[in-house]
Amino acid sequence: MTSEFMAPSTAPTAAATAPRRGRFIGLRRALAPVGEARGLPKWVLYIGLAMVAVFVVFAIFAPWISPYRFDEYLTGHGQRFPKSGHPSGSHLFGTNIMSTDVFSHIVYGSRTALEVIVIAVIISMLIGVPLGLFSGYYGGPLDRTLVLVMDAMFAFPSLLLAILVAFLLRGKFGFLGASFSGIMSAAISITVIYIPQYFRVIRNSVISVREEPYVEAARVLGAKPRTVIGRYVFGNVVQNVPVIATLNAADALLTLAGLGFLGYGVQPTEAAEWGYDLQRALGEASGGIWWTSVYPGLAIVLLVTGLTLVGESLNDLLNPVLRRRQLLPVDIVADVEGEVSPHDAAGR
Amino acid sequence: MLLVVPMVWILLTVVFILMRVAPGDPVQAALGGREPQSVIAEKRHELGFDKPILVQYGHYIGGVLHGDFGKVTSENRTVTNVITHEGAATLELSLAAMLVALVLGLSIGVLIGRFRDTPLDVAGRLFGILTYAAPVFWIGILFQLLFVAKLGWLPSSGQADTLQEIDLSQHAHTNIDLLDAAINGSWGDFTNVFQHLILPALTLGLLLCGVFIRLVRVNIIQTLKNDYIEAARARGIRESRVVLRHGFRNALVPVVTVVGLQAALLMSGAVLTETTFSWPGIGRALINYLNQRDYVAVQGIVTVFALIVVAISLVIDVVTALIDPRVRYS
Amino acid sequence: MTLLDGDAAAATPVDDIVLSVRDLRVWYGTARGAVRAVDGVSFDLRRGETLGLVGESGCGKSTLGRGVLGLLPDAAKVAGEVRFRGEDLVTMPRRRLRALRGPHLGLVFQEPMTRLNPLMRISDHFFETLHTHQRGATKAQMRQQALDALGAMGIPPTRFTNYPHEFSGGMRQRIMIALALVLNPAFVVADEPTTALDVLVEAQIIAILNDIKKNFDTSILLITHNLGIIAEACDRVAVMYAGRIAEQGAARPTFSHPAHPYTRELLASTISLSTTELHYIPGAPPDLIDPPSGCRFHPRCPDAMRVCPTRHPPTTITQLDQRVDCWLHGPDELIPPGGTAPLDREDIGVAHEA
């Protein structure tokens, strides 16, 4: 039960938790291998970043890119848009069962998705990382209790947990305004899932770093616990964060869509959300209406894939366990004296 | 192993607290708010909602210890009844999905782990990422568009057609339709149930298979770096045997542990798959009861989920011991 | 006496040579350039002979051992010839080479702790190996073969079905040796077989290797950095430096009269009870991506001459029948005038740049 393995739903490789030993490495130095990377992993990183960038542009410039507002269903002449209308000149991706424009929902949906993801990742990081640091560093009964609670939460089906919390939070954020309250409660529901993940990873790294000779040395030299945690332990542990954060962001989007699909996410009046759109499209699928489901689903797949590619390639590049010195092709050439006949026997 | 008891207790307590802080009066909500006050008061009393919270808590924990998960407020049935009927449908779906995921996930994972960094590996990893990135319900909808709307090969929803459904409910043994049809020797029922099972099982299976692929791949890569792999090659053992017998079997130990944690993912996926295909399983039942604010039913089902998670982790411990002699003897 | 042995060996007919390596090169391509781990190595191994291969860490000893058996990573480039009973292992199809490993070629590893599959019983390791190479053998036959091999290493039959984690390091190494020898291979590479073990076990393993040689006429390439083991267990010795063999010859004369300055320095660095002050070779082992020009040892060589950085010395044979690559032994006609003058240390940098 107290398996040291990480997040199955986010599924970063178990090795992502492996700390790099013996050196003090800040975030900048931890990311250094990315700059030095060559070949496939770097390309994967770029492709992932490009995919994410498209949706970021959508999200920021939604009102300018989108032909209609997400809840617009009337033409300029007060005529209703067609219900589940075929893709056409005026509706590039068609219209859905609510008579709104599918493409506009894709564009505005990026905004919803990114808002929820960013809030959820930041909050779970702000809670999970310090909790993991202190729990791992001080140990004792507090640590054991926290581990038990976090493990219990971790083992529980994450979507169900999110649904239960979303259910409880319904309408609790009304003071933030109509459009933002839904986003906030969705983000909080998702946060609950990811706190244990940050906690586990950070705590496990802290525990292995804590016994390192240089941390021991700092303690012996009389450094305050705050200094030791902040400077030595945190610096060495923080390198895990970019990988987890990216992979969690991808997973958070899937959870958001799942919540929306089940009717416990952002409500249709508040913002455009792809999961909810898919729920509405479900009933039409067996009737062959494809544009209302294919496009929102594709948007989810592309954004999740983009984030996953970024996270995976960061993991490949930063994680020394998986990294491997690639052997390059080499030709055996004659020495200066020409004593070798350069015949090439490789490729056996 | 010993941590299982406090963990179950924590989960139960969290479930209990969550259900108590939920907005609105559960009885009123469950009964639809049309009943007169006296009926509601009577129901409250019957369910013990008028007692102090600690008494309710003790009653709940005591019930769980005796295998009593409470009663569905909105319908006249027990949660245990929900588990044996809807739970059986979910079991059928989960097992079929697990089969799909194991066959696809293990074989692809081993293959691309062995041929790391080749085009095959890139293709396999991309497949893994895509199956992970695509929401289950979207895959389900795509299947419906293709196999139901376009090709008309398979049914779109449910566990069986009405006629077969009635036949099977009259001759139920295990409540697992596919098994019951086989026991009854009814070929017609069997094919009908099987056809209904294909799309949901594939959908849920693909979700898990993506996780398996990356898990097996990473572990095969790590295992093939071990010294005993080189030693086996130095003895002239065939490469296929080196990969399967020495590589795969050793990679399986960590894989099994993580697969155990996938029980949670399987349940989350089952809720979505069942909703997509109107599969009469426990996940869909949970969402229905949640929509009806039937807290007792929700509490009971969630409790069962928690117990299943814990039970699976125990099974995993046993399986790990069976595979790894070092664990077995220590 | 050893001298006579050497002479006798030299007189044996050519077909007694089990393994003949000619100008073997193994290069690894990296971002910085090719690592010349093995760069032009030649040696012969006769039947029942043990050749010790010594050198500092990172000089290419292990790569040479693996390269001879074709156990290198796919990306490594191999050139040259490894003739085993007349067949070239370098150009041989993979499948054929694999079939030779086990019954004809064996490898004993440095760290016995991690070389056995932890999930397989000792018996399964043997059955797997025997079954792979002797189709049709019955289980009883295979069991007898395995127990005989283990018995020769002092492992009792009662432990046959145990798992690897139930054995100590020394026992595991004996099991590994039994596993490598169960099919009586004609040629075995032993890659630092005692480095990870304590001294008493080390003596045991050396005794076992000596027995094998006597009883089965097995040829052994014994890789080690322990000169004592060479003196104890080897007929001949090859001293490796920076991917090349600096000197090879019969073990005792080579140790008593080293021809190459590197061998001399290496012997002087050995610590024994009579050691009064520690001797070491200044400088670090060279970079195998961009090795020093000419003789690779010249930057660290106390006897370096002007000719040394300019050309690699050709192999010459000394009066004691050592094959040595060193300008100190000529051939004089190839040394340019003034080449024998001592090398100024400042010249090294210049020569290296040129």
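Residues numbered from 1 in each chain as written. Chains lettered and ligands numbered in written order. Predicted model: local features only at pLDDT ≥ 70, side-chain atom pairs only at ≥ 80, totals over all residues. Heavy atoms only, no water.

Would you mind showing me how to read the overall build of chain B here?
The secondary structure content of chain B amounts to 15 helices and two strands. Counting the 330 residues in chain B, one finds 55% classified as buried. Considering only residue pairs separated by 6 or more positions, chain B has 73% of its internal contacts joining residues 24 or more positions apart. Carbon together with sulfur atoms contributes 67% to the accessible area of chain B, which is approximately 14,000 Å² in total. The averaged location of the 24 negative side-chain charges in chain B is 13 Å from the averaged location of its 24 positive side-chain charges. (Helix = DSSP H or I, 4+ residues; strand = E, 2+ residues; numbered from the N terminus. Buried < 20%, exposed > 50% of the residue type's maximum accessible area, 1.4 Å probe, protein only. Contact = heavy atoms within 4.5 Å. Areas by Shrake-Rupley, 256 points an atom, 1.4 Å probe, with all protein chains shown as cover. Lys, Arg positive; Asp, Glu negative; His and termini not counted. Charge placed at Lys NZ, Arg CZ, Asp CG, Glu CD.)

Would you mind showing me how to read the interface of chain B and chain A here?
With 59 residues of chain B at the contact, the number on the chain A side is 59 residues. At the junction of chain B and chain A, the tally comes to two salt bridges. Glutamate 312 of chain A is paired through a salt bridge with arginine 214 of chain B; the nearest N and O atoms lie 3.0 Å apart. At the surface where chain B touches chain A, the tally comes to five residue pairs in polar contact (both at pLDDT 80 or more). With 13 residues, the single largest contributor to the side of chain B that touches chain A is helix H12 (residues 239–276) of chain B. Considered class by class, the residues forming the side of chain B that touches chain A number 43 nonpolar, ten polar and six charged. (Salt bridge = Lys/Arg side-chain N within 4 Å of Asp/Glu carboxyl O. Polar contact = N/O pair within 3.5 Å; in protein donor to acceptor, adjacent residues only side chain to side chain. Nonpolar A, V, L, I, M, F, W, Y, C, P; charged D, E, K, R; others polar.)

Help me understand the side chain of asparagine 192 of chain B in this model?
Residues and elements named next belong to chain B. Among the structural elements, asparagine 192 can be located in helix H10 (residues 187–224). Note on asparagine 192: relative accessible area 8%, which makes it buried. Once you skip the residues sitting within four places of it in the chain, asparagine 192 turns out to touch Ala160, Asp161 and Gln164.

Is there a simple way to think about the pattern of salt bridges in this case?
Between side chains of opposite charge, a pair can form as their charged atoms come close. Taken as a whole and judged by the stated rule, the model has 29 salt bridges over all chains. Glutamate 239 of chain B is the partner of arginine 114 of chain B in a salt bridge, and the nearest nitrogen-oxygen pair spans 2.9 Å. Residue arginine 114 of chain B is found in helix H5 (residues 79–114), and its partner glutamate 239 of chain B is found in helix H12; the two are separated by 125 residues along the sequence. Residue classification places glutamate 239 of chain B among the partly exposed residues on the basis of a relative accessible area of 28%. Among the salt bridges present, the one from arginine 115 of chain C reaches aspartate 227 of chain B, with a minimum N-O distance of 3.9 Å. Taken together, the positions of arginine 115 of chain C in the loop between strand E6 (105–108) and helix H4 (122–133) and aspartate 227 of chain B in helix H11 (residues 227–234) put the pair across two chains. By relative accessible area, which is 3% here, arginine 115 of chain C ends up buried. Within the structure, one salt-bridge network assembled from shared partners comprises Asp227 and Glu230 of chain B together with Arg66, Arg115 and Asp191 of chain C.

I tried to follow the packing of H5 of chain B against helix H6 (residues 119–133) of chain B on my own but got confused; where do I start?
For any two helices packed against each other, one specifies the crossing angle of their axes together with the interaxial distance. Residues and elements named next belong to chain B. Running from N to C, H5 and H6 cross one another at 140 degrees; their axes reach a closest spacing of 8 Å. Every pair of crossing elements has a handedness; the one defined by H5 and H6 is left-handed. Listed contacts from H6 to Ile108, Leu111 and Ile112 of H5 are Leu120, Asp121, Gly124, Arg125 and Phe127. Tallied by class, the residues present in the contact of H5 with H6 amount to five nonpolar, one polar and two charged. (Axes fitted to C-alpha atoms, helices over the stretch in contact; angles between N-to-C directions. Left-handed = near helix turned anticlockwise from the far one by under 90°.)

How should I be thinking about the pairing of strand E3 (residues 50–54) of chain C in this particular structure?
Taken residue by residue, a regular strand's side chains alternate between the two faces of the sheet. All names here are of chain C. The buried fraction of E3 is high, at five of five residues. Across four bridges, the pairing between E3 and strand E8 (residues 219–223) is parallel. Across the sheet, leucine 53 pairs through a bridge with isoleucine 223, a residue of E8. (Pairing = 2+ DSSP bridges.)

Is there a simple way to think about the nonpolar core in this case?
Buried together is how nonpolar side chains tend to be arranged in soluble globular proteins. In this structure, Ile163, Val233, Leu262, Trp274 and Leu303 of chain A are the most contacted members of the largest nonpolar core, which totals 183 residues. Of the residues that make up this core, three or more belong to each of domain 1 (4–65) and domain 2 (82–150 + 205–328) of chain B. Not counting residues up to four positions away in its chain, the partners in contact with leucine 262 of chain A are Leu159, Ile163 and Gln279 of chain A together with Val271, Leu272, Thr275 and Ile287 of chain B. Core analysis: the next-biggest nonpolar cluster, separate from the first, contains 100 residues, Cys59, Val182, Ala190 and Ile212 of chain C among them. (Core = buried A, V, L, I, M, F, W, Y, C linked by side-chain atoms within 4.5 Å. Domains from an automatic or database assignment.)

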